[in-house]
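Understanding the architecture of this molecule
What follows is the residue order along each chain.
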Amino acid sequence: QKEVEQNSGPLSVPEGAIASLNCTYSDRGSQSFFWYRQYSGKSPELIMFIYSNGDKEDGRFTAQLNKASQYVSLLIRDSQPSDSATYLCAAFNTNAGKSTFGDGTTLTVKP
Amino acid sequence: NAGVTQTPKFQVLKTGQSMTLQCAQDMNHNSMYWYRQDPGMGLRLIYYSASEGTTDKGEVPNGYNVSRLNKREFSLRLESAAPSQTSVYFCASSGTLDSPLHFGNGTRLTVT
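Nothing here was measured: the structure is a model prediction, and the numbers come from that model.

Criteria and thresholds
- Residues numbered from 1 in each chain as written.
- Chains lettered and ligands numbered in written order.
- Predicted model: local features only at pLDDT ≥ 70, side-chain atom pairs only at ≥ 80, totals over all residues.
- Heavy atoms only, no water.
- Salt bridge = Lys/Arg side-chain N within 4 Å of Asp/Glu carboxyl O.
- Buried < 20%, exposed > 50% of the residue type's maximum accessible area, 1.4 Å probe, protein only.
- Helix = DSSP H or I, 4+ residues; strand = E, 2+ residues; numbered from the N terminus.
- Polar contact = N/O pair within 3.5 Å; in protein donor to acceptor, adjacent residues only side chain to side chain.
- Disulfide = S-S within 2.5 Å.

**Details of the pattern of salt bridges**
All names here are of chain B. According to the stated counting rule, one finds six salt bridges over all chains in the structure shown. Between Asp-38 and Arg-44 there is a salt bridge, and its shortest N-O distance comes to 2.5 Å. Note on Asp-38: relative accessible area 11%, which makes it buried. For Arg-44, a relative accessible area of 25% corresponds to the partly exposed category.

Next comes the structure, spelled out in structure tokens:
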């Protein structure tokens, strides 16, 4: 079992819809979670991070964390074509002292 | 505002050749990392340096060596390149190990 797993995708949503990206992790030692966006041919860039159970909102983005279910999600409201990218989930494991990335979910927002 | 700078951007090597990828950050970050990314896959950690003077292996360290030259610079060396090392390499830095990562623009390496 991979330490961090994401929906393989690809995920396609119409413009204006809500895109939901999911991530599960296997090690309960993971305490901090990050969502990165990566456009094709570019480097990853941080969108959001979350450390505590519950929701964290930043503009059109909401990160949700449920440590009991070992589940992290990213919601993108009012999706735009410019949101089309691969989204990488990462979990920092306190015991291991390093982060592990999922394989990413590719999102396409269709005009 | 350079952030994380990687050189070179592209490199083609023949099997058995060696090379060093350079990385420098100007954000006064303590931790630095080298990742590789293969098509359709996420990022796999090669080596990291939690702070100046320390380095540790990641998930896929075989065939690589690193040097944390000072707080700003962290280099990755391929002593004898193999086709399996064809990949995109990203350097990253963070304030601490559990902080968000800031990535360089990547090096696209092809080994023939």
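Text resumes after the structure shown.
**A look at the environment of Asn28(B)**
When you line up the elements, Asn28(B) lands in the loop between strand S3 (19–25) and strand S4 (31–37). Within the structure, Asn28(B) has its side chain in polar contact with the side chain of Lys71(B) (distance 3.1 Å).

**Digging into the state of the cysteines**
All names here are of chain A. Tallied over the entire structure, the rule returns two disulfides over all chains. A sulfur-sulfur separation of 2.1 Å characterises the disulfide bridge that pairs Cys-23 with Cys-89. Negative torsions about the S-S bond denote left-handed disulfides, and the value of about -75 degrees found for Cys-23 with Cys-89 makes this one left-handed. Here Cys-23 is found in strand S3 (residues 19–25), whereas its partner Cys-89 is found in strand S9 (residues 85–93), with 66 residues between them in sequence. Assigned by exposure class, Cys-23 and Cys-89 land together as buried.

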